[in-house]
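Residue-level structural notes
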Amino acid sequence: MTAPAHPHASILVVDDEEVIRDVLAALLDRQGGYDVHLAEGALDAERILASRPIDLVLLDLMLPGVSGLELLRGIRSDDPQREVIMMTAHGSVETAVEAMKAGAFHYLTKPFQNDEVLLLVDSALTRRRLRRENEGLRRALAERHRFARLIGRSRAMQQVYQVIKQVASARTTVLITGESGTGKELTAEAIHQTGVGADSPFLTVNSSNLPQELLESELFGHARGAFTGAVTDKEGLFAAAAGGTLFFDEISTIPLPVQAKLLRVMQEKEFLPLGSVRPVRVDVRILAATNEDLARLVREGQFRDDLYYRLNVLTIALPSLRERREDIPLLAEHFLATFCDEHGRPGLRLSVEALQEFDRYEWPGNVRELRNSIERAVLLTESDIIDVASLPAEIRRHRGGASGAPALPEGKSLQEAVEEYERTLIRWARQQAEGVQRRAAERLQIKPTTLSEKMKRLGIR
Ligand SMILES: Nc1ncnc2c1ncn2[C@@H]1O[C@H](COP(=O)(O)OP(=O)(O)OP(=O)(O)O)[C@@H](O)[C@H]1O
Ligand SMILES: [Mg+2]
């Protein structure tokens, strides 16, 4: 026999028949050079699995008192990459099929041939090794393309990471803008975690739908008797976040009178709890997010200009997902791994066609929409591959017809459709030109000034 193909691999044999255990132990130990452990039943097996790393389990389907299938599921959910080979004495094909569906690598029918056992064990261990290497690679790749919980390797995201690093230690106020689902909250978290005061609280203000008085007491707290119902003193978010960060999720929903108070805290670093005459000093970093155009709200008189200028000192504008399409496969893989884990579906993959659909789609709901689409697909897909059929209808609808002939997107005018196409092409050209305007214009065969005009008209930054 040549050197073992899987040195140090450890195998657990679970069978109630002593003869089988002995035969397998001798065979695997002597001929394969594996580290072999033996268990008589489920309890034994669980004890061994809990106490040492086991790469492969040879599991008898017909253990007395337990369902081999249930044991199989338990073994796999503990460590989805651990391989299991089922053994059955009765050649019951249905159960074997069930076992394969539940994630078993293969099955052996007793009585078995020695070569057959060794061959199967070898290929199961090979699959385990490949999967682990794969996962390791994926992780290493993911680490390089992420910042805190933000994922993305596009230039646009790299720039975002850069700005986060620059602003994090300064404790300045930062305004985070971007469409819904682009990661504003994750960005706020990343700023907090990177900067000084990372151990202090990070608290979020969800101001929408709150009546003004409630919001004020939420923020600044109140003294006993400040209003009906205020039976005790209450600490507000500003006091609770002392030394840390207060994140205003959708700052545009703050009513004007509260905006005035907010501005005062930012300038004076102190505030008055409702019904109190004693100002409280605080050191809280303010982060704010919006997907509204605050400048427009200022013009319309719905947002205070002085607060706007105060907030707007430093802005992080998050790119929409369609402006950074090169991140889609990375994000898709990340969410796939997350939901495969969460829903116990190891080994699910995305088909090439599904990825192509992702690449074409506009993603109005940005990363959140991608995340939700993948979770849904993981839940819907029965085979090992997520195909176009398990994607939400909006994504599939964007496919060209079978003839490949273009069609006007539903609910759009010719003008809108043309503008959308122009936007896509301009984005493509800019990406190709790595942001150099003159080169992008060359690609499109138009003058740089024409490109600038078009971009302004189409609202491309
Ligand atoms: N760059 C990213 N990497 C990984 N996950 C992301 C990224 N951006 C967003 N997500 C995920 O997408 C979802 C939405 O993100 P988040 O809540 O930060 O968006 P938002 O901009 O605050 O959206 P909204 O305007 O609707 O409040 C979350 O599940 C988040 O984990
Ligand atoms: Mg948000």
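Now for a quick tour of the structure. Source: prediction; values computed, not measured. (Residues numbered from 1 in each chain as written. Chains lettered and ligands numbered in written order. Predicted model: local features only at pLDDT ≥ 70, side-chain atom pairs only at ≥ 80, totals over all residues. Heavy atoms only, no water.)

**Here's the deal with the sheet that holds strand β8 (residues 174–177)**
Our working rule: In this analysis, strands are considered paired if DSSP registers two or more bridges between them. We count a stretch as a helix when DSSP gives it H or I for four or more residues in a row; a strand needs E for two or more, and each element gets its number in order from the N terminus. Note on method: axes are straight lines fitted to C-alpha atoms, helices fitted across the in-contact stretch only, with angles between N-to-C directions ranging 0 to 180 degrees.
Ordered by their spatial adjacency, 5 strands build an open sheet running β9-β10-β13-β8-β14, and the pairing between neighbours is parallel. Bordering the open sheet on either side are β9 (202–206) and β14 (315–317), each of which pairs with just one other strand. Taken over all neighbouring pairs, the strand axes of this sheet differ in orientation by 20 degrees on average, direction set aside. As paired elements, strand β10 (residues 245–249) and strand β13 (residues 285–290) share 4 bridges and run parallel to each other.

**Quick look at the packing of helix α13 (residues 328–342) against helix α15 (residues 366–380)**
Note the threshold: Our angle categories are set so that under 35 degrees counts as roughly parallel, over 145 as roughly antiparallel, 65 to 115 as roughly perpendicular, and the remainder as oblique. Crossings are classed by handedness, with left-handed meaning an anticlockwise turn of the near helix from the far one by less than a right angle and right-handed meaning a clockwise turn. By the convention used here, residues are in contact when the closest approach between their heavy atoms is within 4.5 Å. When residues are grouped by polarity, Ala, Val, Leu, Ile, Met, Phe, Trp, Tyr, Cys and Pro land in nonpolar, Asp, Glu, Lys and Arg in charged, and all others, Gly among them, in polar.
Packing of α13 against α15 leaves a shortest axis separation of 9 Å and a crossing angle of 45 degrees. Between α13 and α15, the angle falls in the class oblique. Relative to α15, α13 is oriented so that their crossing is right-handed. Between α13 and α15, the residues in contact are I328, L331, A332, F335, L336, F339 and E342 and V367, L370, R371, I374, E375 and V378, respectively. Considering only residue class, the contact of α13 with α15 consists of 10 nonpolar, no polar and 3 charged.

**A word on the side chain of E420**
Within the secondary structure, E420 sits in helix α17 (residues 414–432). The residues contacting E420, other than those within four sequence positions of it, are E362 and K412.

**Regarding the site of ligand 1**
To keep things clear, this is the line we draw: The cutoff for a nearby residue is simple: one of its non-hydrogen atoms must lie within 4 Å of the molecule or strand. Whenever a nitrogen or oxygen atom comes within 3.5 Å of another N or O atom, the pair is scored as a polar contact, on the condition that within protein one atom can donate a hydrogen and the other can accept it, and that pairs from neighbouring residues in sequence are kept only if both atoms are in side chains. The start and end points of each domain follow an automatic or database-based domain assignment.
Neighbouring ligand 1 are 19 residues, the closest being I151, S180, G181, K184 and R368. Within the side chain of R368, one N or O atom sits 2.9 Å away from an oxygen atom of ligand 1. R371 is positioned with one of its side-chain polar atoms (N or O) 3.3 Å from an oxygen atom of ligand 1. Those elements that place two or more of their residues in the shell around ligand 1 are β7 (150–151), α7 (184–194), α13 and α15. Looking at the shell around ligand 1, its residues break down into 7 nonpolar, 5 polar and 7 charged. Each of domain 2 (152–317) and domain 3 (321–397) gives at least three residues to the shell around ligand 1.

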